[in-house]
Each structure stands twice: as C-alpha cells, then as structure tokens.
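Architecture and fold: a report
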Amino acid sequence: MRRRVFLLAAAAILLALGETPAADLTVRDVTEALMRAGPGHPADFSHRDLSFLDLSGLDFAGANFEGADLYGADLTDAKLAGSRLVGVRLDRAVVMRTDFAGADLSGARLVRLAAFSTLEPRAEEAPSFAGANLSGAVILSRLSGANLRGARLSAARLGSGERTPRTMTLSRTELAGCDLAGADLSGADLASASLRFAKLAGADLRGADLRNADLSGADLTGADLTGASLVGTDLDESRLVDARGLDRSLGLAAARNLARAIR
Amino acid sequence: MRALRLLAAAAALALSGPASAEGGAPPVDTALVLAVDVSGSVDAERYRLQMEGIAAALEDPDVQHALLSGPSQAMLLALVQWSDRPRLSIPWTRIARPADAEAFADRVRALSRDAAEFTCMGRMLSFVYGKVLPQVPAPAARSVVDVSGDGSDNCNAERVVELRDALVATDVTINGLPILEGKEASTLADWYRDEVIGGAGAFLLPAHGFGDFARAIRQKFITEISWVPTTTFE
C-alpha cells in the first residue's frame, strides 16, 4: 500500500513538471527541439515515447514522429500539418482543433481519440485531417464533423464488426457530418461505422466494407461504390445521384431503406 | 549618391542594434513573461482594470526608460492569460524603442478575455516552464515571470512549489503581484511569498484591490526591469 502511495506521489510530481514516468522527453525538451528545428532540418521525434505529454498549442509542422508513441498526449490546438506520423500510436490522445492537414498518418492507430470537450460533438472542436494520408490506419473514435476532405484512407480499419470487444462503451467509429468529399476509402473497413450526413461526394469507396454502416442522409454524389459491401447498410435519404458502380456493389438488395435513397 | 547609401546602411545598423555573437537575434537584457490571472473571480471590469493597467504602464515614459535601460537597450515581452488553462495571448515581442512598448500596449488593450473558472497557477507555471521560456527567440541576460492574480491555486492539478523550484533551477526569477481583494485579501500575500515567488532578487508587490493594480504594475515594471537592487515591498 505504501509503495503504491509513493508511486502515485512520484507520478504526480513528474506530471507537475511536465514529465511522465514513461515519456522519453519532457515538454520542455520537445519545445527546445522545435526551437532548434528549421527549414530543411525538421524536429525529429521518431520512435520517441511522448505518451501523456501536454503538447497542446505547439507548432510541429513538418516534424517527424515516425513510430512515436503519443498515447494520451494532449494535442489540443497543436499544429501537425504536413508532419510525418507514420505508424504512430495516438490512442486516447486529445485532438481538439488539432491540425493534421496533409500529414502522413499511414499505419497509425487512432483509437478512442478525445476530440470533443462535451458529450455532444461540436464541429468547431473537431480536428482536421484534410488531405492527410491515413491509409492502413486503425481508427475507432468519435470524429463527427471532422474535416477529412481529400484524405487517403485506403485499407484503413474504421469498422467495428466482430473485432470490437463488447465491453467497450464506444462501439463504432462516428464520422457523422464529416467532410470526406474526394476521399480515398478504397478497401477501407467501415463496417457498422456511422457516416450519417457525411459528405462523400466523389469519394472512392471501391471495395469498401460498408456492412451495417449508417449512411443515412449522406451525400454520395458521384462516389464510386464498385465492389463495396452494402449488406445492412442504411441508405435512408442518402444521395446516390451519379454514384458509380452501384450495379457492381455487393449486397445492395440487402441494404436498409434502399427505396428511400435519392437516386 | 554612394555616400547617401552608406549613411542609410549605417543608420539601419544603428537602429537594428548589436547582432548576437552567433549571428542570430541580438541579445536582450530581460525576457519577461506577464502572467495574468483571468479566473472566475476576475470579472469583465476587473479584467479591464488589469489590462488597462498593463497598457498604461507600458506607455509611461518612466517605464519605457526602465525597459530600455540595460546594456542591450532591449527586452522581450510575452503575455499569458491563465485560468483553467494558460494561453500565450501575445507571443515574444522585442521592445527596443518606446514605440515598440506602445504597440505592445495597443495589443494588450485589444486582447479578448480568455476567462474560465479555476485558478490553475501550477498549470500556468508548467506552461511557462515547458513552452514559453524555451521559445525565447534571443539570448536574454535574465528571465523573469511576473505573476499577478487575486487568489491561490484552487485547481490542484499540479503543484506550485515544485514548479516554482523547477523554474528557479533554470535561473528564472518569479515575482508576484497579488491583488488583495475578496476572500483571500488577508492571506494571499503570504501565499505568494511562500509558494510563488523565487529566484535571484525575487520580490512581492501587492496591489490593494483591482483599483490599485495600475499603480502597482507600473511600480513593479520599474523595479523589475530597471537595474536597481530589488527590495521586498509590504
């Protein structure tokens, strides 16, 4: 018991100094590294443990985080546009208003991100992934209202079918109202994901797994659904005008509310 | 014509001040962080009194003389508003002429109140230690954090003393301007003395209510910045 109290006290002191028991660097180390960086020599945090650090408000534009651990880090208002975040672990990171535009997040893990300060998602707090590369990433988070315009999500795993433990209170990825216009979602696992009122105009959904996904009210104008799995997909008032490959999709007849889709 | 060009170049060099040995930004005498409490007890009028007090002080010729009185005749100034979370409201700004101080004063007056509920001084000190001071853009002969507020830390998220000591260990001086108004009026000066201030020449200069803030901050600026031996004011 005494040992536990001691460990908790030690952790509290380290946290007060901006350090964590696990992190390789302190917040001050990170800021100093950013100050030393410049055009042509971006800050390098590759394979560093930055878990739980308060990195809010810092400008990391162009920095290299490949393979870094950002578990539980606070990235509120942080600027990560154009950064290299290949294979990073961002699970439980706080990403309110975080700018990931154009960043390379391929193969990253984004499970249980904290994107909102309230139970109801607020679009103004949502992070931006516009033009980011999230191909092969694992995403299981509430990101409603986020900007994912033109993002690459090919083979990304956003679904929550059988692989999600039943004890988890967050049972599916929420992308309601997201701007995914022109995004590449080819081969992505979106099973059971909520895409209500999402903007998917011109999106590439070839071969995507949309089983039991909620696409009600979504705009799929001009989207390519060739080979997409639509069994149980809710298409209530989803806009399918000029959508391509519907005739080559899988299980369209088993989609829900197909008759109410706008075609 | 060539003589005119040479004269212009010489004038430009004189105005820009001495360059640092490393060829980067020229050095300054002091890097000063103004950390202003905007917690729940600081209502709109009290906020205005604080910001107007800071702005008026920066426009004061005596303060301007103090700001520019050191060997480098320049300083760096930043302003942090703090409550639940700290925010760098005005990033590091070089003050090398009275006009620079006056422009900074204009920015102070134009700030929006970033208010919240709690008095999280520990979190503010952590922010200054981890993010603000490491971003000082020029060599500074000394670094000072000027903390003002009307209450002790009620956030409990982080510990003020450890953070104060961490700052002092990096040669930072923390001065305090407790505003003695409200329920902590009789105890706040002691708390600031025991828990907040520290470092070489650190001092406390209380304001006796928000209405006295402008007088206190002016006096504090002069004492803090001018190269006069520091004293404890009670």
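To be clear, the structure that these remarks concern was listed above.
Attention in this report is confined to the structure presented alongside it. (Residues numbered from 1 in each chain as written. Chains lettered and ligands numbered in written order. Predicted model: local features only at pLDDT ≥ 70, side-chain atom pairs only at ≥ 80, totals over all residues. Heavy atoms only, no water.)

**As for the packing of helix H6 (residues 160–168) of chain B against helix H7 (residues 188–196) of chain B**
Residue and element names in this part refer to chain B.
- Where H6 meets H7, the axes come as close as 9 Å, and the angle between the chain directions of the two elements is 55 degrees. Relative to H7, the element H6 is oriented oblique. Residues Val160, Val161 and Arg164 of H6 lie in contact with H7, whose contacting residues are Trp191, Asp194, Glu195 and Val196.
- Tallied by class, the residues present in the contact of H6 with H7 amount to four nonpolar, no polar and three charged. (Axes fitted to C-alpha atoms, helices over the stretch in contact; angles between N-to-C directions. Helix = DSSP H or I, 4+ residues; strand = E, 2+ residues; numbered from the N terminus. Parallel < 35°, antiparallel > 145°, perpendicular 65-115°, else oblique. Contact = heavy atoms within 4.5 Å. Nonpolar A, V, L, I, M, F, W, Y, C, P; charged D, E, K, R; others polar.)

**Let's talk about the interface of chain A and chain B**
- With 16 residues of chain A in contact, the opposing surface of chain B contributes 16 residues.
- Buried surface at the junction of chain A and chain B, summed over both partners, amounts to about 1300 Å²; 59% is from carbon and sulfur atoms.
- Taken together, the links from chain A to chain B amount to two salt bridges.
- Note that Asp74(A) and Arg85(B) form a salt bridge whose closest N and O atoms lie 3.1 Å from each other.
- Counting across the interface, chain A meets chain B through six residue pairs in polar contact (both at pLDDT 80 or more).
- Residue assignment for the side of chain A that touches chain B shows that the elements contributing at least two residues are helix H1 (2–16) and helix H2 (27–36) of chain A. (Buried area = accessible area lost by both parts, 1.4 Å probe. Salt bridge = Lys/Arg side-chain N within 4 Å of Asp/Glu carboxyl O. Polar contact = N/O pair within 3.5 Å; in protein donor to acceptor, adjacent residues only side chain to side chain.)

**Quick look at the environment of Leu79(B)**
All names here are of chain B.
- Position of leucine 79 among the secondary structure elements: in strand S2 (residues 75–82).
- Overall, leucine 79 belongs to the buried group, its relative accessible area being 0%.
- Between the C-alpha atoms of leucine 79 and valine 108, which are 29 residues apart in sequence, the distance is 8.3 Å.
- Ignoring sequence-local partners within four residues, the contact set of leucine 79 consists of Leu34, Val36, Met51, Ile54, Arg87, Leu88, Ser89, Ile90, Phe104, Val108 and Leu111. (Buried < 20%, exposed > 50% of the residue type's maximum accessible area, 1.4 Å probe, protein only.)

**Re the side chain of Thr76(A)**
- Relative to the elements of secondary structure, Thr76(A) occurs in the loop between H2 and strand S1 (109–111).
- A distance of 2.6 Å separates polar atoms of two side chains, one belonging to Thr76(A) and the other to Asp74(A).
- Those residues in contact with Thr76(A) that lie beyond four places of it in its chain are Ser56(A), Gly57(A), Val94(A), Met96(A), Arg97(A), Thr98(A) and Arg85(B).

**So, the state of the cysteines**
All names here are of chain B.
- Tallied over the full model, the rule gives one disulfide over all chains.
- With its sulfur 2.1 Å from that of its partner, cysteine 120 forms a disulfide with cysteine 155. For the disulfide bridge between cysteine 120 and cysteine 155, the dihedral angle about the S-S bond is near 75 degrees, and by the sign convention the bridge is right-handed. Taken together, the positions of cysteine 120 in the loop between helix H4 (98–110) and helix H5 (121–132) and cysteine 155 in the loop between strand S4 (140–149) and H6 put the pair 35 residues apart, joining distant regions of the chain. (Disulfide = S-S within 2.5 Å.)

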